[in-house]
Amino acid sequence: MMRPTRAVICAVVAVLLAGAAAEGQTRWLAGQNVQPVFEGWERNADGSFTMVFGYLNRNYEEQPVIPVGENNFLEPGDADQGQPTHFYPRRQQFVFEVRVPADWGDKDLVWTVTHNGRTDKAFASLWPVWEINHDVMRLNRGTGSAQGYDDNQAPAIRVDGETARSVTLPDGLELAVLAGDDGVPPPNEALARRNVRRGPKSQAMVDPRQAAATGLAVTWLHWRGPGRVTFDPQVVQLDGGGRAVTTARFSEPGTYVLQAVADDTVHVSPVNLTVTVHPAPTEP
C-alpha cells in the first residue's frame, strides 16, 4: 500500500483546518464530541515502539467521564491500555503512551471514543512521517526551537508515600510527589511571562509555560473516576526538597486515579495514584 507523503498529509490537515476556521465563531460549552488524536511514535532502546496519543474535547466547559468499555477502548489487544476516562476541555497533547513490540509492522493501533452521539477514532501507525523527536515535542508544545537540547532527559517523578490512599467526604486529601530533572532546558523567564490564555477554558491541562520560570513544575490531573476533582493548587513549583504538594477534594464517592505530571517544558513524565473516596458518615 502506498504511504502518504508529508506534503499530502499537510494538504489534508490544511483542508481540515480551513473547515474548522469556518466554524471558529461558535464556541460550544457542552454537547460536542471528543476526538482522539495520534500524536506520533517514538523508538525505544529495546527495539519496541511507543505510540503517543492526545485528544480534542470540542467543548469549552464540559469535562466528560467516559469509562473504559464500548465508548472508550483501544484495539487490538486489551480495551484498557491506560487511556484517560476524564477529559479536560479543548486540545490536550501527548496525554498517554502505549508500547508496542518490535515486530509490530504496519498494523494500526486504534483508539475509539464515543461521546454525545458521535464515534471518533485515532489510528496509530509506524509511518516514518509520524516519528517524534526533541524538535517535534518542543515545537508542538509551543516552547520554541529545540536546537542545543538533544541531550535533554525526561524528568523523574514518584509518589511520596503510598500509591493507594483513602479519604472520607467531605475531607480533602493532601498528596505529594518527588520530582527532579537534569536542568535541560534551563529556566526561561521570558517564556513564563507570555500570555498563555487563548480563550475561556482553553488552556491545556499541562502547559509548558507553567514550568518555564524554574525549569520544572508538576501538574495534578483527574485521570479516572466519577464526579469532579479539584486541586489546590493544580500546578505546583517544587520546594527545596523536590516535593510538589497539593490538596485534592472530591465531589462524590468512588475510586479515582489521579495523575501528577512533571514537566520540563519539553518532556513530561507522569505518575499515578489511586484514591478510594468513602461517602460522608450518616447522621445518627
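This is a predicted model, so every value here is computed, not measured. (Residues numbered from 1 in each chain as written. Predicted model: local features only at pLDDT ≥ 70, side-chain atom pairs only at ≥ 80, totals over all residues. Heavy atoms only, no water.)

**Details of the overall build of the protein**
In terms of helices and strands, the protein carries 4 helices and 15 strands. Counting only residues that meet the buried cut, the protein has 44% of its 284 residues in that class. Accessible area for the protein stands at about 14600 Å²; split by element, carbon and sulfur atoms hold 52% of it. (Helix = DSSP H or I, 4+ residues; strand = E, 2+ residues; numbered from the N terminus. Buried < 20%, exposed > 50% of the residue type's maximum accessible area, 1.4 Å probe, protein only. Areas by Shrake-Rupley, 256 points an atom, 1.4 Å probe, with all protein chains shown as cover.)

**Quick word on the sheet that holds strand S6 (residues 118–124)**
Within the open sheet, the 3 strands sit side by side as S3-S5-S6. Their pairing is antiparallel. Every other strand in the sheet has two partners, leaving strand S3 (72–75) and S6 as the edge strands with one partner each. Taking the axes of each pair of neighbouring strands and ignoring which way they run, one obtains an average angle of 15° across the sheet. Bridging between S3 and strand S5 (residues 109–115) involves 4 bridges; their strand directions are antiparallel. (Pairing = 2+ DSSP bridges. Axes fitted to C-alpha atoms, helices over the stretch in contact; angles between N-to-C directions.)

**Notes on the pairing of strand S11 (residues 229–232)**
Across the two faces of S11 the burial differs, with Val229 and Phe231 buried and Thr230 and Asp232 not buried at all. Relative to strand S13 (residues 243–250), S11 is paired through 4 bridges, and the arrangement is antiparallel. Paired with valine 229 across the two strands is phenylalanine 250, which belongs to S13.

**Here we look at the side chain of threonine 85**
By secondary structure assignment, the location of threonine 85 is in the loop between S3 and strand S4 (90–100). In this structure threonine 85 comes out as buried when scored by relative accessible area, which is 6%. Setting aside chain neighbours within four positions, we find threonine 85 in contact with Pro64, Val65, Ile66, Pro67, Val68, Asn72, Trp223, Arg224 and Gly225. (Contact = heavy atoms within 4.5 Å.)

**Focus: the pairing of strand S9 (residues 173–180)**
For S9, the tally of buried residues reaches 6 of 8 residues, placing the bulk of the element in the interior. Where S9 lies against S13, 6 bridges are found, and the strand directions are antiparallel. Bridged to leucine 178 within S13 is arginine 243.

**Quick notes on the sheet that holds strand S10 (residues 217–224)**
Note: strands within a sheet are paired through backbone hydrogen bonds, in either parallel or antiparallel orientation. The strand order across the open sheet formed by 5 strands is S8-S15-S14-S10-S12, and the pairing between neighbours is mixed. Where the open sheet ends on each side, the last strands, each with one partner, are strand S8 (164–168) and strand S12 (235–237). When strand polarity is set aside, the average angle formed by the axes of neighbouring strands in this sheet is 30°. Sheet topology places S8 next to strand S15 (residues 268–278); 5 bridges connect them, and they run parallel. Looking at the pairing, alanine 164 lines up with threonine 274 of S15.

**A short note on the environment of asparagine 44**
By secondary structure assignment, the location of asparagine 44 is in the loop between strand S1 (34–43) and strand S2 (49–57). Every residue in contact with asparagine 44, bar those within four places of it in the chain, is listed here: Phe49, Thr50 and Arg99.

**Examining the nonpolar core**
One finds Met51, Phe53, Leu109, Val218, Trp220, Phe250 and Leu258 to be the most contacted residues of the largest nonpolar core, which totals 53 residues. In terms of residue count, the dominant contributor to this core is strand S14 (residues 254–263) (6 residues). (Core = buried A, V, L, I, M, F, W, Y, C linked by side-chain atoms within 4.5 Å.)

**As for the packing of aromatic side chains**
In this structure the tally under the stated criterion is 10 aromatic pairs. Relative to tryptophan 111, the ring of phenylalanine 87 lies with its centre 6.3 Å away and its plane at 25°, an arrangement referred to as stacked. Note that phenylalanine 87 is positioned in the loop between S3 and S4 and tryptophan 111 in strand S5, a separation of 24 residues in sequence. For the residue pair phenylalanine 87 and tryptophan 111, the accessibility class agrees, reading buried in each case. Considering the side-chain rings of phenylalanine 96 and tryptophan 111, the 4.9 Å spacing of their centres and the 90° angle between planes classify their relative orientation as edge-to-face. Of this pair, phenylalanine 96 sits in strand S4 while tryptophan 111 is found in strand S5, placing the two residues 15 residues apart along the sequence. For the pair phenylalanine 96 and tryptophan 111, a shared accessibility class is recorded, and that class is buried. Linked through ring pairs, Phe38, Phe53, Tyr55, Phe87, Phe96, Trp111 and Trp130 together constitute an aromatic cluster. For the cation-ring pair, lysine 107 lies above tryptophan 104, with the distance from its terminal atom to the ring centre recorded as 4.3 Å. (Phe/Tyr/Trp six-rings, centres within 6.5 Å; stacked < 30°, edge-to-face > 60°. Lys NZ or Arg CZ within 6 Å of the ring centre and 35° of its normal.)

**Looking at the side chain of aspartate 264**
Checked against the element boundaries, aspartate 264 lands in the loop between S14 and S15. From its side chain, aspartate 264 meets the backbone nitrogen of valine 266 in a polar contact 2.9 Å long. Not counting the four nearest positions on each side in its chain, aspartate 264 is found in contact with Asn152, Gln153, Pro155, Asp181, Val184, Pro185, Gly215 and Leu216. (Polar contact = N/O pair within 3.5 Å; in protein donor to acceptor, adjacent residues only side chain to side chain.)

**Concerning the confidence of the model for the protein**
With 80% of its residues at a pLDDT of 70 or more, the protein has an overall mean of 84. When the elements of the protein are averaged for pLDDT, helix H1 (residues 6–22) gives the smallest value, 45, and S3 the largest, 98. Within the model, the stretch residues 5–22 combines pLDDT values under 50 with 4 contacts to residues more than four positions away or in other chains. Every residue in residues 195–203 scores below 50 in pLDDT, and together they form 19 contacts with partners more than four places removed in sequence or on other chains. (pLDDT = per-residue confidence, 0-100.)

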